[in-house]
Amino acid sequence: MPTGTRVIPALFIAASAVAVIVTGIFERTAILAVAGSCTLGLVLVQGWRQNRSVMARLARMERKAAAERKAAAERRNPDGSSATAVDETVSEIRSDLRRVRQDQLQIAGRPTTWQEQASTMISRLDRIQEQGDAATTQVRALSDSVNALLGRPAELRSFLDRPAPAGAGAHASGGALTLDTLVPGEHTFRTVVLQPGRASVVLVVDELDPHRFDDLGTALATGLAAAEKLQRPLRVVALRLARPRDEVTGHLRTWVTENTASKFQAGDVSVTPGDAVAEEPFDPTDAWIVTSWRTAHALSAACHNETVSPEQVIYLIQDYEPGLLGWGSDHALAVETHRQGFHSLVNTRPLAEALTKQTGTPIDADHIFGPTLDTPRLQDAARAWKPGQGNEVRVLFESRPSQARTMFSLGIAALQRWVGTLEDSSVQPVIYSAGEPHTPVDLGGGHVVEPLGHLSLDNYYDLLSRVDIGLGLMHSPQPGRFALELPMAGIPTVSNTFESFRTAWVDGLYLGAATPSGIATALGETVRRSRTLAAHTPASADVDLGRPLEEALHSILGKRSW
């Protein structure tokens, strides 16, 4: 192989090594660095291929010239005609050789161009590094959620990993679909073994994840309150476990000790995975609590088999879940869970009214509970509030992009429309979002929604003392905590209407139609009101949305012998 040809692969290997080193240095932008190294590699490969093509062409020309010279020497034509033809051919070949050599010289000079491209690419990586710093903050904020998602679909992973059934033919995704794959938990309670022993309160949840126990706060509080009332251990059945059973059990017991004021013994809390239900017996007099439409649908199989009586089941309803699902199988199954004869324990009166309207089944008023709000801390935030600097209007937007009912995109559209109406400098909006992390949102005109992501309770209450306006949307009959807590901290707050179910439950809560223009108009009017406030006055804590959770639960538990 000619020397020039050997040099080109060496340059390619060296450049690839440099790209790998760059990738290691810029750890937080590894993917972008790999993309850069691939681009640089393609440039080198292209040059190498062109050089090989030129060298091959040169070799062919040289062989052809040698053949023509040999033929000319062998011919003995006295008149010289053949020699003339040969000379013309050789002249043409020599001309071709000169062009080939010029091409070769151009190729030989290209490494300088490649070096320039490599230098430019490294400069780009430097700029990418700066952008990566901002992206890293978002990645770190999402890391817990990603870790949780990696362990959630256990039944789907087992479906993908198992071999295809014999004689059934290989399915494109690894085997035939099962009903448990399509409807998680469908077979969990098809077989329930009853064995007399110590009766428990059995709390059924979709998933147990040590990183997300707070998301199950109301469900766990309900289970613990029932266990304490009935003086029974609490057994939590999870359709899915994000981590090994022993690990989840240990974390759950620690959470119970650190996050509840109950005297309930953490050692009386146990965890049963959904796939172990058929192997581990239950007491015939267990009290069951289902916490979502999926868990209610799963347990209904045991009721149909007459293993568990619907009278033994309490259905904790925190939203009208069929309304959160598209029309289809899940929607139909979710609606059917409200017709199983379970005892309904419902979060707020507006939700109970919507359930009655949708299902035709009235809800006992004694079984409706209201939200538990930390009134003293909200009042402290109101007393600590001070106006912003100059013409600043500090807006706090509840952002939960993963929950469709919070209407994140509609809120952004409304904010954009509102800031577009601010033609003078009498209002300088400073807009923050809190709830879930997301990238900053450019509203135009130099206005940006700055995400704060998840906040601890301490940081949340501290923030309320530095907020002038709240925006919390909820496409649901139930109020949501944001629309209640901010007015109770003295913060004028905008929310949306929803049929006849959403009203201004507290002073300082203002409603707009669930459209960008409707919310933007409500924001403008609320800002004008807020500009006249010299202090924040907390709204009355006397909000009649339901009884305390324990009272509503005890009302159900007191109606039969458990």
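**Student:** How do you make sense of the overall build of the protein when you look at a structure like this?
**Tutor:** Counting its regular elements, the protein contains 17 helices and 14 strands. For the protein, with 562 residues in total, the buried portion stands at 44%. A fraction of 72% describes how many contacts in the protein between residues 6 or more apart in sequence connect residues 24 or more apart.

**Student:** I keep staring at the sheet that holds strand β2 (residues 234–241) and nothing clicks. Help me out?
**Tutor:** Strands in a sheet are paired, the pairing made by backbone hydrogen bonds, and the direction either parallel or antiparallel. The strand order β3-β2-β1-β4-β5-β6-β7 describes an open sheet built from seven strands, whose pairing is parallel. A single partner strand is all that each edge strand has here, and the edge strands are β3 (269–273) and β7 (368–369). Bridge count between strand β6 (residues 343–347) and β7: two bridges; the pairing is parallel. Its bridge partner lying in β7, V346 is registered against I368. Packed onto the sheet, helix α17 (residues 549–557) meets β5 (313–317), β6 and β7 and runs at close to 170 degrees relative to β6.

**Student:** Just checking my understanding: could you explain the packing of aromatic side chains for this structure?
**Tutor:** To describe a pair of aromatic rings, you give the distance between the ring centres and the angle between the ring planes. Under the counting rule described, the total for this entry stands at seven aromatic pairs. Here the aromatic rings of F213 and W255 are separated by 6.3 Å at their centres, their planes lie at 65 degrees, and the arrangement is edge-to-face. Within this pair, whereas F213 is found in the loop between β1 (201–208) and α7 (217–230), its partner W255 is found in helix α8 (residues 245–259), the two being separated by 42 residues in sequence. The class for W255 is buried, based on a relative accessible area of 13%. Above the face of the F282 ring, R235 is positioned so that its terminal group lies 3.7 Å from the ring centre. Seen from the ring of Y510, R529 lies directly overhead, with NZ or CZ sitting 4.2 Å from the centre.

**Student:** Explain the sheet that holds strand β14 (residues 509–512) here, please?
**Tutor:** Spatially, seven strands are ordered β10-β11-β9-β8-β12-β13-β14 in an open sheet, and the strand pairing comes out mixed. Edge strands, defined here as strands with exactly one partner in the open sheet, are β10 (441–444) and β14. Across the sheet, the mean angle from the axis of one strand to that of its neighbour is 25 degrees, orientation sign disregarded. In this structure, strand β8 (residues 392–399) lies alongside strand β9 (residues 428–435), joined through eight bridges in parallel fashion.

**Student:** Whenever I open this one, the packing of helix α13 (residues 408–420) against helix α16 (residues 516–530) confuses me. Can you help?
**Tutor:** It is at 8 Å that the axes of α13 and α16 come closest, and there the two elements cross at 55 degrees. As summarised for this structure, α13 and α16 are arranged oblique, according to the angle between their axes. The hand of the α13/α16 crossing is right-handed. Where α13 approaches α16, its residues L410, A413, A414, L415, R417 and W418 are matched on the opposing element by P516, S517, I519, A520, L523, G524 and V527. A per-class count over the contact of α13 with α16 returns ten nonpolar, two polar and one charged.

**Student:** Could you clarify how one ought to interpret empty space enclosed by the protein in this entry?
**Tutor:** If you roll a probe as big as a water molecule over the atoms, it shows you where there is empty space left. Within this structure, the stated rule accounts for one cavity of 30 Å³ or more. For the lining of the largest cavity, the per-class residue count stands at five nonpolar, three polar and three charged.

**Student:** What is the right way to read the nonpolar core from this model?
**Tutor:** Note that soluble globular proteins tend to have their nonpolar side chains buried in a common cluster. L208, L252, I314 and L345 are the most contacted members of the largest nonpolar core, which has 34 residues in total. For this core, the secondary structure elements donating two or more residues are β1, α7, β2, α8, β3, β4 (287–290), β5 and α17. Of the residues forming this core, the biggest block, six residues, is contributed by α7. Those residues within four positions of L252 in sequence are excluded, and the remaining contacts are L208, F213, L220, V236, V269 and V271. F282, A302, V335 and I363 belong to the second largest nonpolar core, which has 30 residues in total.

**Student:** Please explain helix α9 (residues 293–304) as it appears in this structure.
**Tutor:** Owing to its 3.6 residues per turn, the α-helix brings residues three or four apart onto one side. The first and last C-alpha atoms of α9 sit 16 Å apart over twelve residues, in line with the 16 Å expected at 1.5 Å per residue. Extensive coverage of α9 is indicated by the burial of ten of its twelve residues. Those residues of α9 lying buried are W293, T295, A296, H297, A298, L299, S300, A301, A302 and C303. Looking at the buried side of α9, the elements it contacts are β1, β2, β4, β5 and α10 (329–336). Once α9 finishes, E306 follows within two positions and takes phi at roughly 60 degrees, a positive value.

**Student:** Just checking my understanding: could you explain the pairing of β8 for this structure?
**Tutor:** Consecutive side chains along a regular strand alternate between the two faces of the sheet. Extensive coverage of β8 is indicated by the burial of seven of its eight residues. In this structure, β8 lies alongside strand β12 (residues 469–471), joined through three bridges in parallel fashion. Bridge pairing in β12 links V395 to I469.

**Student:** For this particular structure, what's the right way to read unusual backbone geometry?
**Tutor:** Residues other than glycine predominantly adopt negative phi, and peptide bonds predominantly adopt the trans conformation. Notably, E306 is not glycine yet its phi reads approximately 60 degrees, a positive angle. With respect to the element layout, E306 can be found in the loop between α9 and β5. The phi torsion at E499 lies on the positive side, around 45 degrees, for a residue other than glycine. Turning to its location among the elements, E499 is positioned in the loop between β13 (493–496) and β14.

Reading the values: the criteria
Residues numbered from 1 in each chain as written. Predicted model: local features only at pLDDT ≥ 70, side-chain atom pairs only at ≥ 80, totals over all residues. Heavy atoms only, no water. Helix = DSSP H or I, 4+ residues; strand = E, 2+ residues; numbered from the N terminus. Buried < 20%, exposed > 50% of the residue type's maximum accessible area, 1.4 Å probe, protein only. Contact = heavy atoms within 4.5 Å. Pairing = 2+ DSSP bridges. Axes fitted to C-alpha atoms, helices over the stretch in contact; angles between N-to-C directions. Phe/Tyr/Trp six-rings, centres within 6.5 Å; stacked < 30°, edge-to-face > 60°. Lys NZ or Arg CZ within 6 Å of the ring centre and 35° of its normal. Parallel < 35°, antiparallel > 145°, perpendicular 65-115°, else oblique. Left-handed = near helix turned anticlockwise from the far one by under 90°. Nonpolar A, V, L, I, M, F, W, Y, C, P; charged D, E, K, R; others polar. 1 Å grid on protein atoms, 1.4 Å probe; cavity = no way out; pocket = protein on both sides within 12 Å on 5 of 7 lines; lining within 4 Å. Points joined across faces, edges and corners; volume = space filled by probe spheres on them. Core = buried A, V, L, I, M, F, W, Y, C linked by side-chain atoms within 4.5 Å. Expected span 1.5 Å × (residues − 1).

Just geometry here; none of it tells us what the structure is for.
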